[in-house]
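This is what each chain is made of:
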Amino acid sequence: MKMLKPSLVCLASVFVLSSLSGCEEKKSESLTVAKTSSAPVQTSSSCGVAPSGELTAERIPGANSTRTEPSLYEGPVWIKDSLYFSDFIISGVFPSRIQKLDANGVMTTLIDDSGSNGLAVDAQGNLVAGTHKYKSLSRFTLGGERTTVIDKFEDNVFNSPNDLVIAKDGTIYFTDPAYQTAAAPGGQEKTRVYRVATDGKITVVDETINNPNGVALSLDGKTLYVEGGDNEGVLRAYPIVDGVPQKGKDLLTGLTIPDGMAIDCHGNIYVTEHSARHVRVVTPEGKQIATINVDANITNAAFGGEDGKTLFLTGAGAIWKLTLDVTGTPY
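One structure accompanies this document, and this report is about it. (Residues numbered from 1 in each chain as written. Predicted model: local features only at pLDDT ≥ 70, side-chain atom pairs only at ≥ 80, totals over all residues. Heavy atoms only, no water.)

## A look at the overall build of the protein chain
How we decide: The secondary structure listing takes helices from DSSP runs of H or I that are at least 4 residues long and strands from runs of E that are at least 2 residues long, numbered from the N terminus. Relative accessibility decides the category of a residue: with a 1.4 Å probe and only protein chains considered, values under 20% of the type maximum give buried, values over 50% give exposed, and everything between is partly exposed. Only the protein chains shown count as cover for residues, with accessible areas throughout obtained via the Shrake-Rupley method and a probe of 1.4 Å.
Of the regular secondary structure elements, the protein chain holds zero helices and 29 strands. For the protein chain, the proportion of its 331 residues judged to be buried stands at 60%. For the protein chain, the accessible area works out to roughly 12300 Å², and carbon and sulfur atoms hold 48% of it.

Written out as structure tokens, the structure is:
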């Protein structure tokens, strides 16, 4: 997610994602067309009707921030019957905690000092997180125990690992922008997108996007999506051949601070635009079919709920929800 000034302020078993087959004034922008839940996402032939037109998500009252300082919610992930997300202060060393929002809309703190941003869920039901506090990817049990997944590239720590996605085979893709670099000493010379193979080997996918942010996989696992670029934002698609991402192609340009993403059962991409306070819903070819509005800065998206058809959106100290006719990725 974008670090701003304080004033800007699916349903039975857990599985890996790719196995599925606030406060600036809102502006208008030009657009150029160029995540484990608790039940499998339906295939596109039977998954309902995709959203269209102009929609508005509603706040969940019980999820409003209890902090006295400006904060952001990030990394929503639906596991079994609850939504988990990071909640961090956007100043200092960005202290962060992981919150749990249950099906009744009651929020409790799961891990008080996680140092986390983006979250995913592995095949064992653990949370995998981009942790700026440790400049690493970390794994947390739901009991709060933390272990390091990976913390260095070419003998240097990362900047501030942000968003991540886990492929069916356990390969991890993650972004490393510079938004929370100040959380701990050290960092990389460039902001990059990385691939972590199942043997732990790490390689660079792309280092040409300024502050890469959101990352997702298509339902068939054959395309990696990355967004970033701040105010000159872009959504880029990378075909995956024999498990390796190839050169990317821009699907969208002209985005305003693109942040996180979710994918529905048709393969449509839900792209959040932070300070524009909305979600663009676009087809895999980049054609916009819907807009979902919220009333504060937005960060990320995930599908969940009892039938997997509730879209949850995180942002500036708030969570919004919108009931749709489609299921989607749980982070």
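So that's the structure; there's more coming.
## Here's the deal with the pattern of salt bridges
To be explicit about the condition: In the sections that follow, a salt bridge refers to a side-chain nitrogen of Lys or Arg positioned within 4 Å of a carboxyl oxygen of Asp or Glu.
Scanning the entire structure with this criterion turns up eleven salt bridges. With a shortest N-O distance of 2.5 Å, K133 and D113 are connected by a salt bridge. With a gap of 20 residues between them, K133 in the loop between β9 (127-131) and β10 (136-140) and D113 in the loop between β7 (107-111) and β8 (116-121) connect regions that are remote in the sequence. The class of K133 is partly exposed, set by a relative accessible area of 33%. Here D206 makes a salt bridge to R236, at a shortest N to O gap of 3.0 Å. Of this pair, D206 sits in strand β17 (residues 202-206) while R236 sits in strand β20 (residues 233-241); the two residues are 30 residues apart in sequence, bridging distant segments of the chain. No difference in accessibility class separates D206 from R236, as the two residues are buried. Bridged by salt links that share partners, the residues R67, D87 and R97 form one connected network.

## Remarks on the side chain of D206
For clarity, the cut-off: Side-chain atoms alone can form a polar contact between residues adjacent in sequence; in general such a contact is a pair of N or O atoms within 3.5 Å, and within protein one must be able to donate a hydrogen while the other accepts it. For this analysis, residues touch if any pair of their heavy atoms sits within 4.5 Å.
Residue D206 is classed as buried on the basis of its relative accessible area of 10%. Among the polar contacts listed, one links the side chain of D206 to the side chain of R236, at a separation of 3.0 Å. When sequence neighbours within four positions are dropped, the list of residues in contact with D206 reads R192, V193, R236 and Y238.

## A few points about the state of the cysteines
By definition, a disulfide links the sulfur atoms of two cysteines through a covalent bond. The line we're drawing: Criterion for a disulfide: a pair of cysteine sulfur atoms within 2.5 Å.
In this structure the tally under the stated criterion is one disulfide. Disulfide pairing places C47 opposite C265 at an S-S distance of 2.3 Å. Of note, the bridge from C47 to C265 carries an S-S torsion of about 90° and is right-handed in sense. Here C265 lies in the loop between β23 (258-263) and β24 (269-273) and C47 lies in the loop between β1 (32-33) and β2 (53-56), a separation of 218 residues in the sequence. Across the pair, exposure class does not vary: C47 and C265 are buried alike.

## Section: the sheet that holds strand β4 (residues 71-79)
Threshold: For two strands to be treated as a pair, DSSP must find no fewer than two bridges joining them. The angle between two axes is taken between their N-to-C directions and runs from 0 to 180 degrees, where each axis is a line fitted to C-alpha atoms and a helix contributes only its stretch in contact.
If you walk across this open sheet you meet the four strands as β4-β5-β6-β7, and the pairing is antiparallel. Taken across any chain shown, the strands that pair with only one partner, and hence form the sheet edges, are β4 and β7. This sheet shows a mean twist of 30° between the axes of neighbouring strands, independent of strand direction. Note that strand β5 (residues 82-89) and strand β6 (residues 96-102) share seven bridges and pair antiparallel. In the strand pairing of β6, D87 is matched with R97.

## Some details on the layout of surface pockets
Our working definition: Whether a set of points on the 1 Å grid over the protein atoms alone is a cavity depends on a 1.4 Å probe fitting there but being unable to get out, while an open set qualifies as a pocket with protein on both sides within 12 Å along at least five of seven lines; lining residues are those with an atom within 4 Å of a point. Grid points are joined across faces, edges and corners, and a volume is the space filled by probe spheres set on the points. In the scheme used here, Gly and all other residues not listed as nonpolar or charged are polar, with Ala, Val, Leu, Ile, Met, Phe, Trp, Tyr, Cys and Pro taken as nonpolar and Asp, Glu, Lys and Arg as charged.
The calculated volume of the largest pocket comes to roughly 260 Å³. Around the largest pocket sit 15 residues that line it, and A103, G305, T310, F312 and K321 are the ones nearest its centre. For the lining of the largest pocket, the secondary structure elements donating two or more residues are β6, β28 (310-315) and β29 (319-323). A per-class count over the lining of the largest pocket returns six nonpolar, five polar and four charged. By volume, the second largest pocket amounts to about 220 Å³.

## Notes on unusual backbone geometry
At F94, a residue that is not glycine, the phi angle is positive and equals roughly 55°. Locating F94 in the fold gives a position in the loop between β5 and β6. Judged by relative accessible area, which is 6%, F94 ranks as buried. One non-glycine residue, N211, adopts positive backbone phi at about 50°. Here N211 shows up in the loop between β17 and β18 (212-217).

## Some remarks on the nonpolar core
Heads up, the condition is: Residues belong to one nonpolar core when they are buried, are Ala, Val, Leu, Ile, Met, Phe, Trp, Tyr or Cys, and are joined through side-chain atoms within 4.5 Å.
Within the largest apolar cluster, 37 residues are counted, with the highest numbers of intra-cluster contacts made by V77, L127, Y173, F174, I202 and L224. In terms of nonpolar packing, the next biggest core, distinct from the first, is built from 27 residues, A57, L72, A262 and A318 among them.

Function cannot be inferred from these measures alone, as they are strictly geometric.
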